[in-house]
Amino acid sequence: MVCDGVSFEKLLCGHHFPEFDAGFMELDEAIEVAQIMDESLDEHNSELVLRCIQISESRISNSSHRETQSSTSESQATLFSCFSASWIYSKVVLLGVSFLEHERRYYDAIDLLKQLLIKFISDGRRGYWTLRLSIDLEHVGCLNESLLVAEDGLLDPWIRAGSRIALQRRVLRLGKPPRRWKIPSFSESLKRKITEVHIQGRPLNSITGVKSRFYGEDGEQCGVEQLALQYYAGEGGGWEGVHTESGIWLTIFGLLLWDAIFADVSDVFRTKFQIAPLDLGTDNFYEARKSIIEPLLGKIYDGNAEEILITAWESHLGTACRGVNWDRHSLSELRAAVTCIGGPCLASFCRLLAQDYRSWSSGMPDLLLWRFSGNYRGEAKLVEVKGPRDRLSEQQRAWLIFFMDCGFNTEVCKVTPAPMSG
């Protein structure tokens, strides 16, 4: 099906939205409050910002148990939780937390974060909320409570990926004697060394807060990622590759698991213009399609990823699918990437994303590199590139550790200015 020049997959859709029947007016009001909040922040209208926070906190506090807990189970309600008034009010409250932290009103921010964690007990955003709460408690000198919040967060099944690593690092830092005498079991994992490569470039600017720019080997201006690509193509080993971050990986995932993404599962397609099922990003996505996904992963593991990729490309070229960018990467690039990555690593990657797309669909390494050695055999490498003032985020660290566990060749490339001559 084509609409305004965009092709959509042919879907079997349900058309009734009973979840919205009773709460449409509440949803409309929540959207209005969110709009006023955005405008007030842009205009630095502190009085109106505080009023929006107050309204949103009140609505969340007074909302029904069913509404705020719509995300507590992987049921039909879960699919529509982000369209509820409570979910929108929670976004406003989180904006309010950032505003209060900026104003150093940490006690008020702490109260709001505790309210969110109480009301939304099964929500993928709990990791960020818990981390902010622990940090704000440290700001006000409540170190023991800050540590307890971080430790309790590690027991929360909804806290995953980078947020989990961030809390683990806080526990290690805050939990030293005499607060804690026992070393946590995850300490050794966090101490794992990630290979580092250091290269130098001629800087164009060295301004704090501005993305670093360098002169490339061809004399043209470029960012640190392009400079690193030039290094790896030459003296760094003769690698081909792309600066992609999540782009090429999400495209590969979408193509390899296309049949699972658009499988006929109840209640996940409500319009013919969806580019993904409503449950992508929930735990239900994998569980509802396990009988489809696992045989696909078995074929990928056994080395059939290139064949699956080509079939999906030729069958669905141009059809809109979340994460798939038809224009950015050519079929030849994608074929080279999946061949060099290898079946076992691809299968592990696709399974992780299928099980928890929300937590893992961002923060992937900057560069995906590959090279062939003959007989169509190849190898791949993942590189996170950092400029002079950059450091790894916890999500980036989580991805690097995951790929290391898969046996993947990973490293961090640190770009620094070359010393001035003369």
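Residues numbered from 1 in each chain as written. Predicted model: local features only at pLDDT ≥ 70, side-chain atom pairs only at ≥ 80, totals over all residues. Heavy atoms only, no water.

Trainee: Go over the overall build of the protein chain with me, naming the residues and quoting the values.
Mentor: Looking only at helices and strands, one finds 20 helices and nine strands in the protein chain. Out of the 422 residues in the protein chain, the part that is buried amounts to 49%. The contacts in the protein chain between residues at least 6 apart in sequence include a share of 69% that link residues at least 24 apart. (Helix = DSSP H or I, 4+ residues; strand = E, 2+ residues; numbered from the N terminus. Buried < 20%, exposed > 50% of the residue type's maximum accessible area, 1.4 Å probe, protein only. Contact = heavy atoms within 4.5 Å.)

Trainee: Which residues make up the confidence of the model for the protein chain, and what are the values?
Mentor: For the protein chain, per-residue confidence averages 88 on the pLDDT scale, and 89% of positions sit at 70 or higher. Across residues 65–74, confidence stays below pLDDT 50; counting only partners more than four residues off in sequence or on other chains, it has 27 contacts. (pLDDT = per-residue confidence, 0-100.)

Trainee: Got a sec to walk through unusual backbone geometry? Specific residues and values, please.
Mentor: For the bond running from Pro-177 to Pro-178, omega is 10°, close enough to zero to count as cis. Phi at Ala-161 is positive, roughly 50°, even though this residue is not glycine. With respect to the helices and strands, the residue Ala-161 is situated in helix H10 (residues 161–174). At Asp-267, a residue that is not glycine, the phi angle is positive and equals roughly 75°.

Trainee: Explain the pairing of strand E9 (residues 409–417) residue by residue, including any values.
Mentor: Sheet topology note: the strand E3 (residues 196–203)/E9 ladder contains six bridges and is parallel. The residue of E9 that forms the bridge with Gly-201 is Pro-417. Relative to E9, strand E8 (residues 377–386) is paired through six bridges, and the arrangement is parallel. Residue pairing in the sheet places Val-383 in a bridge with Glu-411 of E9. (Pairing = 2+ DSSP bridges.)

Trainee: For the packing of helix H2 (residues 24–42) against helix H6 (residues 85–102), give the residues involved together with the corresponding values.
Mentor: The contact between H2 and H6 brings their axes to 8 Å, and the two run at 20°. Our classification of the angle between H2 and H6 gives roughly parallel. At the point where H2 passes H6, the crossing takes the left-handed sense. On the side of H2, the interface is formed by Glu-26, Leu-27, Glu-29, Ala-30, Ile-31, Val-33, Ala-34, Met-37, Asp-38 and Leu-41, while H6 contributes Ala-85, Ile-88, Tyr-89, Val-92, Leu-95, Gly-96 and Phe-99. Tallied by class, the residues present in the contact of H2 with H6 amount to 13 nonpolar, one polar and three charged. (Axes fitted to C-alpha atoms, helices over the stretch in contact; angles between N-to-C directions. Parallel < 35°, antiparallel > 145°, perpendicular 65-115°, else oblique. Left-handed = near helix turned anticlockwise from the far one by under 90°. Nonpolar A, V, L, I, M, F, W, Y, C, P; charged D, E, K, R; others polar.)

Trainee: Quick rundown of the packing of aromatic side chains? Include the residues and the values.
Mentor: Per the stated rule, a full pass over the model turns up 18 aromatic pairs. Centre to centre, the rings of Phe-120 and Trp-129 are 5.9 Å apart; their planes meet at 65°, and the pair counts as edge-to-face. When sorted by exposure, Phe-120 lands in the same class as Trp-129, which is buried. Here the aromatic rings of Trp-249 and Phe-408 are separated by 6.4 Å at their centres, their planes lie at 65°, and the arrangement is edge-to-face. Taken together, the residues span a long stretch of sequence, with Trp-249 in helix H13 (residues 247–256) and Phe-408 in the loop between helix H20 (394–405) and E9 at a distance of 159 residues. Exposure class is identical for Trp-249 and Phe-408. Each is buried. Among the aromatic residues, those joined into a ring-pair cluster are Trp-249, Phe-349, Trp-360, Trp-399, Phe-402, Phe-403 and Phe-408. The lysine or arginine in question, Arg-160, covers the ring of Trp-158, its NZ or CZ lying 5.3 Å from the ring centre. Positioned above the aromatic ring of Tyr-215 is the side chain of Arg-202, whose terminal nitrogen or guanidinium carbon lies 4.2 Å from the ring centre. (Phe/Tyr/Trp six-rings, centres within 6.5 Å; stacked < 30°, edge-to-face > 60°. Lys NZ or Arg CZ within 6 Å of the ring centre and 35° of its normal.)

Trainee: Would you mind going over the environment of Glu-306 in detail, with residue names and values included?
Mentor: Here Glu-306 is to be found in helix H16 (residues 290–316). Here the alpha-carbon distance between Glu-306 and Arg-335, two residues 29 residues apart in the chain, equals 5.8 Å. Apart from the residues within four sequence positions on either side, Glu-306 is in contact with Arg-335, Val-338, Thr-339 and Tyr-376.

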